[in-house]
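# Inside the fold
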Amino acid sequence: MEHRTKLAAIGPEFSRMICGYWRLMEWDMTPQQLLTFIEQHVELGITTADHADIYGGYQCEAAFGQALRLKPALRQQMQLVSKCGIATKADPKNHIGHYITDREYIIAQAEKSLTNLHTDNLDLLLIHRPDPLMDADDVAEAFTSLHQSGKVKHFGVSNFTPTQFTLLQSRLPFALVTNQVEISPTHQPAILDGTLDQCQQLRIKPMAWSCLGGGSLFKDPQFQALRDELTAVAQEIGAENIEQVVYVWIMRLPSQPLPIIGSGRIERVKSALKALDLDMNRQQWFRIRKAALGYDVP
Ligand code: NAP
């Protein structure tokens, strides 16, 4: 499988697999250690990094930016993704967690991400979650303004239903390039609820988050049958571990999702990449589906 891909006809070119930085503050790295991690995954070919303004209680992007400051030239070799639209109680101004997609807020958060990430522009900005109070015209104005000022090159959404996606798209002068959604054997709704059908229809590639169930794949007793089947398929397709099988299972989907790797351990990132050289047949794919869901196809 190719190691790079375009998200959409007029869209950014990303690495086929992406490093996700949600858990960065848990990794407890010094800026130098983080720089080394970034350099290593870029060297391996994973040039795309997924962020959001709220990650790590609003701290992850600044920590990443601090590492980038140690080697600013690295930015030119990378694609940076951020998201906004969730407000959490980590910011003392917020008495309750809520969504916010007002024009001024989106622009202000994108600008904050630029400062924190130590960059002049984002390759991609996503609305993090659908907001029941979203005025699509307002979001479209914010996106258009960020686009015109050169601060954001491309736009997309995350966790949107197809109708929410279509609504926002209807107000925009350019195409949304992705819907970043949860895709995993442990969580399969997007496969059947129309979300991935829409991506295939529009020829845009989804980004897949929590491919390993956020780590629950390895320990949750309810996934024992799934682990057993993944182990069996691993032997059949020459995979070294069950996570490689999961990545193959996700990338086998015709909408061609880009898996976001959630680990801060370079050996796990390196292992994930081996999935690009593996494949599985239809029956192996359905065995994994069945083992996860607990029932056969009707
Ligand atoms: P994930 O890959 O499902 O889970 C990562 C977790 O699994 C880490 O704690 C990791 O621990 C653990 N893990 C990985 N391999 C393991 C193994 N062999 N044995 C035991 N544990 C293992 O992904 P995620 O972190 O939940 O999500 C990935 C990215 O998706 C995030 O960083 C973020 O960028 C994005 N995301 C987006 C949304 C959204 O709403 N758009 C939501 C959630 C996440 P180690 O660190 O120890 O390897």
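As a reminder, the structure under discussion sits directly above these lines.
My aim in this report is to walk through the structure given alongside it, one point at a time.

Rules of the game
- Residues numbered from 1 in each chain as written.
- Predicted model: local features only at pLDDT ≥ 70, side-chain atom pairs only at ≥ 80, totals over all residues.
- Heavy atoms only, no water.
- Helix = DSSP H or I, 4+ residues; strand = E, 2+ residues; numbered from the N terminus.
- Rg over C-alpha atoms; globule rule 2.2 N^0.38 Å.
- Contact = heavy atoms within 4.5 Å.
- Areas by Shrake-Rupley, 256 points an atom, 1.4 Å probe, with all protein chains shown as cover.
- Lys, Arg positive; Asp, Glu negative; His and termini not counted.
- Charge placed at Lys NZ, Arg CZ, Asp CG, Glu CD.
- Buried < 20%, exposed > 50% of the residue type's maximum accessible area, 1.4 Å probe, protein only.
- Pairing = 2+ DSSP bridges.
- Near = heavy atom within 4 Å.
- Polar contact = N/O pair within 3.5 Å; in protein donor to acceptor, adjacent residues only side chain to side chain.
- 1 Å grid on protein atoms, 1.4 Å probe; cavity = no way out; pocket = protein on both sides within 12 Å on 5 of 7 lines; lining within 4 Å.
- Sits in = over half its atoms within 2 Å of the grid points.
- Nonpolar A, V, L, I, M, F, W, Y, C, P; charged D, E, K, R; others polar.
- Core = buried A, V, L, I, M, F, W, Y, C linked by side-chain atoms within 4.5 Å.
- Axes fitted to C-alpha atoms, helices over the stretch in contact; angles between N-to-C directions.
- Left-handed = near helix turned anticlockwise from the far one by under 90°.
- Salt bridge = Lys/Arg side-chain N within 4 Å of Asp/Glu carboxyl O.

## Some words on the overall build of the protein chain
A count of helical and extended segments in the protein chain gives 14 helices and 12 strands. Computed over C-alpha atoms, the radius of gyration of the protein chain comes to 19 Å, within 12% of the 19 Å expected from 2.2 N^0.38 for 298 residues, which places it in the range of a compact globule. Pairs at least 24 apart in sequence give 75% of the contacts found in the protein chain among residues at least 6 apart. About 13600 Å² of surface is accessible on the protein chain, with carbon and sulfur atoms providing 51% of the total. On the protein chain, the mean spot of the 29 positive side-chain charges and the mean spot of the 33 negative ones are 2 Å from each other.

## Focus: the side chain of Thr 178
As for its placement among the helices and strands, Thr 178 is situated in the loop between helix 7 (162-170) and strand 10 (179-182). According to the relative accessible area criterion, Thr 178 is buried, its value standing at 0%.

## Here's the deal with the pairing of strand 8 (residues 122-127)
Judged by how many residues are buried, strand 8 sits mostly within the fold: six of six residues are covered. As judged from the four bridges shared by strand 5 (residues 79-84) and strand 8, these two strands associate in the parallel manner. Paired with Ser 82 across the two strands is Leu 125, which belongs to strand 8. Pairing of strand 8 with strand 9 (residues 152-158), which is carried by five bridges, proceeds in the parallel orientation. Each residue of the ladder has a partner; that of Leu 125, found in strand 9, is Phe 155.

## Focus on the site of the ligand
In the vicinity of the ligand lie 27 residues, with Arg 23, Asp 50, Ser 210, Ser 263 and Arg 268 positioned nearest. Separating an oxygen atom of the ligand from a backbone N or O atom of Tyr 21 is a distance of 3.4 Å. Between an oxygen atom of the ligand and a main-chain N or O atom of Leu 212, the distance comes to 2.9 Å. Its free accessible area being 920 Å², the ligand has 87% of it covered by the protein chains. Of all the cavities here, the one that holds the ligand is the largest pocket. Looking at the shell around the ligand residue by residue, the class counts come to eight nonpolar, 12 polar and seven charged.

## Things to note about the nonpolar core
The biggest cluster of nonpolar side chains holds 100 residues, and the ones touching the most others in it are Tyr 21, Phe 64, Leu 125, Phe 143 and Leu 168. Top contributing element to this core by residue count: helix 12 (residues 242-251), with eight residues. If sequence neighbours within four positions are ignored, Phe 143 has contacts with Ile 106, Leu 125, Ile 127, Phe 155, Gly 156, Leu 168, Leu 172, Phe 174 and Leu 176.

## Some words on the packing of helix 5 (residues 103-117) against helix 6 (residues 136-148)
Across the interface, helix 5 lies against helix 6 with an axial gap of 8 Å and an inter-helix angle of 35°. When you trace helix 5 past helix 6, the crossing you get is right-handed. In this structure, helix 5 uses Arg 103, Ile 106, Ile 107 and Ala 110 to contact helix 6, whose residues at the interface are Asp 138, Val 139, Glu 141, Ala 142, Phe 143, Ser 145 and Leu 146. Considered class by class, the residues forming the contact of helix 5 with helix 6 number seven nonpolar, one polar and three charged.

## Looking at the pattern of salt bridges
Counted by the stated rule, this structure contains 14 salt bridges. Linking Asp 123 and Arg 75 is a salt bridge whose minimum nitrogen-to-oxygen distance equals 2.9 Å. Here Asp 123, found in strand 8, pairs with Arg 75, found in the loop between helix 4 (60-69) and strand 5; they are 48 residues apart in sequence, far enough to count as distant. A residue is classified by how much of its surface remains accessible, and Arg 75, at 9% relative accessible area, is buried. Two residues, Asp 123 and Lys 153, come together in a salt bridge whose shortest N-O distance is 3.7 Å. With Asp 123 in strand 8 and Lys 153 in strand 9, this residue pair connects regions lying 30 residues apart in the sequence. By relative accessible area, Lys 153 is classed as partly exposed at 42%.

## Examining the environment of Ile 127
Here Ile 127 is to be found in strand 8. For Ile 127, a relative accessible area of 0% translates into the label buried. Along the backbone, Ile 127 and Leu 273 are 146 residues apart, and their C-alpha atoms lie at a distance of 28 Å. Setting aside chain neighbours within four positions, we find Ile 127 in contact with Cys 84, Thr 101, Ile 106, Val 139, Phe 143, Gly 156, Val 157, Ser 158 and Phe 160.

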